[in-house]
Amino acid sequence: MDSDLMTRLIRFADLTAWPAFAALGVQEEEIDRVLAATAGLDPSGVAGVRAELAGRVRAAAGALIEERPVAAGLHRMALRPGERIVVVGDSISADRLSWARLLAELVPMVEPEASVEVLALSGRTSSEALALGPVLVSRVPTRVLAMLGTNDVRREGTTTGVRMVSAPETDRNLRALRMLLETDAGARVRFVVPPPVDPGRVGSTRELTGEWWHPADLPELVSIIREVDPDAVDLSRMPVRPDFWEDDGLHPSPVGQVAILRAVLSAI
């Protein structure tokens, strides 16, 4: 397998948040072997790429903590010893170079006895996040940051364009997830509206893969999330540069992920 393709696969295929693995607490070393066997890779090579990506996140976090707005945002979170933050999401957060991974490095720099666990999985919809509810509750989080919905409006089929989750279902799922986490775990839940996409590129995969995004679906998604959580961190209108996205116009690049992290911290 091409090294760039392998890196991209490992970057986005974090399986620790797969419900069965998350529930059983399967360790990353075991997951590396599963991923390697599935993709025909050397397990040590998978672990090496994962370690390299983690090193990039640590280096980026070390630079970010020196930025006054980032440090101020972390202090405004009023982190306490024993604080347990869980991030729920899809590939935007599961990305091993994501804003959530950066947050997981930064939080202990401010409060060593606080932690962030990223329970995000590529392709996850709000329905699948709700099904993860018991696992989330078992982590006994004090706070939950949930960035969901991008895959709810994902469309399947080159001709039909079937939407993965209807608007009423998304509304119901997010409200149910919030109630579950607040009631059963006593957590404070904050939703994060996904960042913008590049409308010129998100439909380009329609003929190639049969999966695509229609820009007209996105304003409705933003409205639903803001109705569910009026205090949601709304990234939908954040200013972006051309290098904000990867080539697909959907997934943020490392530059975009840092921009998301800064925006989240400025709003929390």
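Note that the structure is a prediction, hence the values are computed from the model and not measured. (Residues numbered from 1 in each chain as written. Predicted model: local features only at pLDDT ≥ 70, side-chain atom pairs only at ≥ 80, totals over all residues. Heavy atoms only, no water.)

A.B. asks: Quick one: what's the story with the nonpolar core, residue by residue and with numbers?
C.D. replies: Trp-99, Leu-103, Leu-235 and Ile-260 are the most contacted members of the largest nonpolar core, which totals 46 residues. If we ignore the near neighbours within four places in the chain, the residues touching Trp-99 are Val-87, Ile-92, Ser-93, Leu-145, Met-147, Gln-257, Ile-260, Leu-261 and Val-264. Of all hydrophobic cores here, the second largest spans 36 residues; its members include Val-144, Ala-167, Val-193 and Leu-250. (Core = buried A, V, L, I, M, F, W, Y, C linked by side-chain atoms within 4.5 Å. Buried < 20%, exposed > 50% of the residue type's maximum accessible area, 1.4 Å probe, protein only. Contact = heavy atoms within 4.5 Å.)

A.B. asks: Give me unusual backbone geometry: which residues, what numbers.
C.D. replies: A negative phi holds for most residues other than glycine; trans holds for most peptide bonds. Phi is positive for Ala-78, which is not a glycine, with a value near 50°. Along the polypeptide, Ala-78 turns up in the loop between helix H5 (68-76) and strand S1 (84-89). According to the relative accessible area criterion, Ala-78 is partly exposed, its value standing at 47%. Despite not being glycine, Val-140 shows a phi value in the positive range, around 50°. Looking at the element boundaries, Val-140 is found in the loop between helix H9 (133-138) and strand S3 (143-147). A relative accessible area of 42% places Val-140 in the partly exposed class. (Helix = DSSP H or I, 4+ residues; strand = E, 2+ residues; numbered from the N terminus.)

A.B. asks: Please provide a residue-by-residue account of the side chain of Arg-163, values included.
C.D. replies: One can find Arg-163 in strand S5 (residues 162-163). Filtering out sequence-adjacent residues up to four positions away, Arg-163 remains in contact with Asp-152, Val-153, Arg-154, Arg-155, Asp-217 and Glu-220.

A.B. asks: Any chance you could break down the sheet that holds strand S4 (residues 154-156) for me, citing the residues and the numbers?
C.D. replies: Spatial ordering of the open sheet is given by S5-S4-S7, a layout of three strands whose pairing is antiparallel. Of all strands in the sheet, those bounded by a partner on one side alone are S5 and strand S7 (211-213). (Pairing = 2+ DSSP bridges.)

A.B. asks: Tell me about helix H3 (residues 28-39), residues and numbers included.
C.D. replies: For H3, built from twelve residues, the straight-helix expectation of 16 Å at 1.5 Å per residue is met to within 8% by its first-to-last C-alpha distance of 16 Å. The set of residues buried in H3 consists of Ile-31, Asp-32, Leu-35 and Ala-36. The buried residues of H3 occupy an angular sector of 140° when the element is viewed end-on, so they sit on one face. Opposite the buried face of H3, at more than 90 degrees from it, the exposed residues are Ala-37 and Thr-38. Where the residues of H3 are buried, they touch helix H1 (3-12), helix H2 (19-24) and helix H4 (43-64). At the C-terminal side of H3, Gly-40 shows a positive phi close to 70°. (Expected span 1.5 Å × (residues − 1). Arc of directions from axis to C-beta.)

A.B. asks: Could you give an account of the side chain of Asn-151, with specific residues and numbers?
C.D. replies: Checked against the element boundaries, Asn-151 lands in the loop between S3 and S4. In this structure Asn-151 comes out as buried when scored by relative accessible area, which is 5%. Polar contacts involving the side chain of Asn-151 include one to the side chain of Asp-90, which spans 3.4 Å. Within polar-contact distance, the side chain of Asn-151 engages the backbone oxygen of Arg-124 at 3.2 Å. (Polar contact = N/O pair within 3.5 Å; in protein donor to acceptor, adjacent residues only side chain to side chain.)

A.B. asks: An account of the sheet that holds strand S6 (residues 188-193) is needed here, citing residue identities and associated values.
C.D. replies: If you trace the five strands from one edge of the open sheet to the other, you get S2-S1-S3-S6-S8, paired in parallel fashion. In this open sheet, the two edge strands, each paired with only one partner strand, are strand S2 (115-120) and strand S8 (233-234). As judged from the six bridges shared by S1 and S2, these two strands associate in the parallel manner. Bridge pairing in S2 links Arg-84 to Ser-115. Those strands touched by helix H7 (residues 99-110) are S1, S2 and S3, and its axis lies near 165° from that of S2. (Axes fitted to C-alpha atoms, helices over the stretch in contact; angles between N-to-C directions.)

A.B. asks: Describe the environment of Val-46, listing the residues and the values that go with them.
C.D. replies: On the secondary structure map, Val-46 appears in helix H4. A sequence separation of 131 residues divides Val-46 from Leu-177, and the C-alpha atoms of the two residues are 33 Å apart. Once you skip the residues sitting within four places of it in the chain, Val-46 turns out to touch Ile-10, Asp-32, Leu-35, Ala-36 and Leu-41.

A.B. asks: Describe helix H12 (residues 218-228), naming the residues involved and giving the relevant values.
C.D. replies: Here H12 has its buried residues at Leu-221, Val-222, Ile-224, Ile-225 and Val-228. Angularly, the buried residues of H12 cover 160° about the axis, an arc narrow enough to put them on a single face. Of the residues in H12, the exposed ones pointing more than 90 degrees away from the buried face are Pro-219 and Glu-227. On its buried face, H12 sits against helix H10 (167-184), S6 and S8.

A.B. asks: Hey, could you go over the pairing of S6 for me, with residue numbers and the actual values?
C.D. replies: One ladder, built from four bridges, connects S3 with S6; its direction is parallel. Bridge pairing links Val-144 to Val-189 in S6. Summarising the sheet, S6 and S8 pair through two bridges and their orientation is parallel. Bridging across to S8, Val-192 finds its partner in Val-233.

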